[in-house]
Amino acid sequence: MSAILGIIGRPIAHSISPVFQQAALDHLGIDATYQAWEVAPEGVGEFLRALRQPDKLGINVTVPHKETVIPFLDEVDEGAREAGAVNTIVHRDGQLTGYNTDSHGFLQALRDARDFRCEGRRVLVLGAGGAARGVVLALIREGVAELVIANRTLARGERLASIARERGIACRAIEMSWDELALAAVNAELIVNCTTVGMIHGPDSGRSLLLQQQIPPTALVYDLVYNPMETPLLRAAGRAGASTLGGIQMLVHQGAASFELWTGKPAPIPVMLEAATGAMAEAGSGH
Ligand SMILES: NC(=O)c1ccc[n+]([C@@H]2O[C@H](COP(=O)([O-])OP(=O)(O)OC[C@H]3O[C@@H](n4cnc5c(N)ncnc54)[C@H](OP(=O)(O)O)[C@@H]3O)[C@@H](O)[C@H]2O)c1
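What counts, and where the lines are drawn
- Residues numbered from 1 in each chain as written.
- Predicted model: local features only at pLDDT ≥ 70, side-chain atom pairs only at ≥ 80, totals over all residues.
- Heavy atoms only, no water.
- Axes fitted to C-alpha atoms, helices over the stretch in contact; angles between N-to-C directions.
- Helix = DSSP H or I, 4+ residues; strand = E, 2+ residues; numbered from the N terminus.
- Parallel < 35°, antiparallel > 145°, perpendicular 65-115°, else oblique.
- Left-handed = near helix turned anticlockwise from the far one by under 90°.
- Contact = heavy atoms within 4.5 Å.
- Salt bridge = Lys/Arg side-chain N within 4 Å of Asp/Glu carboxyl O.
- Buried < 20%, exposed > 50% of the residue type's maximum accessible area, 1.4 Å probe, protein only.
- Expected span 1.5 Å × (residues − 1).
- Pairing = 2+ DSSP bridges.

Draft legend 1. Structural view of the packing of helix 4 (residues 102–114) against helix 9 (residues 248–263). In the contact formed by helix 4 and helix 9, the axes pass within 7 Å of each other and the chain directions differ by 120°. Comparing their axes, helix 9 and helix 4 come out oblique. Where helix 4 crosses over helix 9, the two elements pack in a sense that is right-handed. Between helix 4 and helix 9, the contacting residues are Asp 102, His 104, Gly 105, Phe 106, Gln 108, Ala 109, Asp 112 and Ala 113 on the first element and Gln 249, Met 250, His 253, Gln 254 and Ala 257 on the second.

In structure tokens:
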């Protein structure tokens, strides 16, 4: 019996997970297909009941269902509970377990692609939404020296900063003004964009939260946005002489961790990365 995997979200048509997950399954000769399902919030419960059928190995979960799925699961692992969000569900013998592989993907991409360790570093995080929460929790676990969180809605940034302070990390929240950002960026060794700014088709596409002259050439600038692969922030960082890392690496690493949970086999990461960048390049060329 051929096994079934996939991703649920809404909208889901532009997801490239089916491309790089199927490439990994085919590469290892695993008899399974990875599909994409557009599911409305009110349909999530029924979808997850059907996920308990024997041919289903599990799914990825994306916006807007990462929190919605939680009440329908039998178990939620500690990382997902802490993040308050599930991006991977594993089906074993009728039982559904929720995981969150985003933090792992974020850190693994830094290590793998840029050989960067976060311990003892000064970090500026742009944003305080779902992705920023996962990033901040990962940075706390890694033992960063100092954390600044800049968010458009200051109160949301303050809430995230207080989580870091409760865990012993020197952390403050700032407003997203040019002046505040410039001051915070000057000292940062790592700058991570966890906002939607710069995302293609979004209201802030073509925009960067930092200008070239605000980015220190010694910093590593990491943009979680992966569409386009070279965002306006990464372009500005490149012109400033800083190192850069795009979101596609994190996307692949979080997907690779999901793949390993479902199959129990090491994910062929270079194969997945090649398929993902190929799909993005094709999407960018309008095909
Ligand atoms: N590479 C990956 O694997 C990966 C994984 C997860 C997410 N992501 C990307 O990360 C981004 C954020 O996702 P999310 O799930 O965290 O979204 P979210 O929960 O909706 O959070 C959005 C964040 O963006 C900020 N923001 C939105 N518009 C802004 C603007 N005009 N100016 C300044 N800040 C603005 C929001 O600020 P307020 O709080 O003020 O609204 C909030 O901090 C998305 O582009 C997503 O694709 C990538």
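Draft legend 2. Structural view of the pattern of salt bridges. Considering all chains together, one arrives at twelve salt bridges under this definition. In this structure, Glu 142 and Arg 111 form a salt bridge, with 3.2 Å as the shortest nitrogen-oxygen distance. Residue Glu 142 is located in helix 5 (residues 130–142), and its partner Arg 111 is located in helix 4; the two are separated by 31 residues in the primary sequence. The partly exposed category is assigned to Glu 142, whose relative accessible area is 23%. Connected via shared salt-bridge partners are Glu 82, Arg 141 and Arg 167.

Draft legend 3. Helix 9, seen in detail. Compared with the 22 Å implied by 1.5 Å per residue over 16 residues, the 22 Å span of helix 9 between its first and last C-alpha is a close match. The element helix 9 is extensively covered by neighbouring structure, given that 14 of its 16 residues are classed as buried. Once helix 9 ends, the next one or two residues include Gly 264, with phi positive near 75°.

Draft legend 4. Just the sheet that holds strand 9 (residues 170–175), in detail. The six strands are arranged 9-8-7-10-11-12 in an open sheet whose pairing can be described as parallel. The sheet is open, and its two borders are formed by strand 9 and strand 12 (243–245), each paired with just one other strand. Mean inter-strand twist for the sheet, computed between neighbouring axes without regard to direction, equals 15°. One ladder, built from four bridges, connects strand 10 (residues 190–193) with strand 11 (residues 220–223); its direction is parallel. When the bridges of strand 11 are listed, Asn 193 appears paired with Asp 223. On top of the sheet, helix 6 (residues 154–166) reaches strand 8 (146–151) and strand 9; it is set at about 175° to strand 9, its chief contact.

Draft legend 5. The sheet that holds strand 4 (residues 75–76), seen in detail. The strand order across the open sheet built from six strands is 2-1-3-5-6-4, with neighbouring strands paired in mixed fashion. One side of each edge strand has no neighbouring strand; the edge strands of this open sheet are strand 2 (32–38) and strand 4. As defined by bridge partners, strand 1 (residues 3–9) adjoins strand 2 across seven bridges and the pair is classed as parallel. Looking at strand 2, one finds that Ile 7 is bridged to Ala 36. Helix 1 (residues 17–27) contacts strand 1, strand 2 and strand 3 (56–61) of the sheet and is inclined by roughly 170° relative to strand 2. Against the sheet, helix 9 touches strand 1, strand 2, strand 3, strand 5 (88–92) and strand 6 (95–99), its axis set at about 10° to strand 5.

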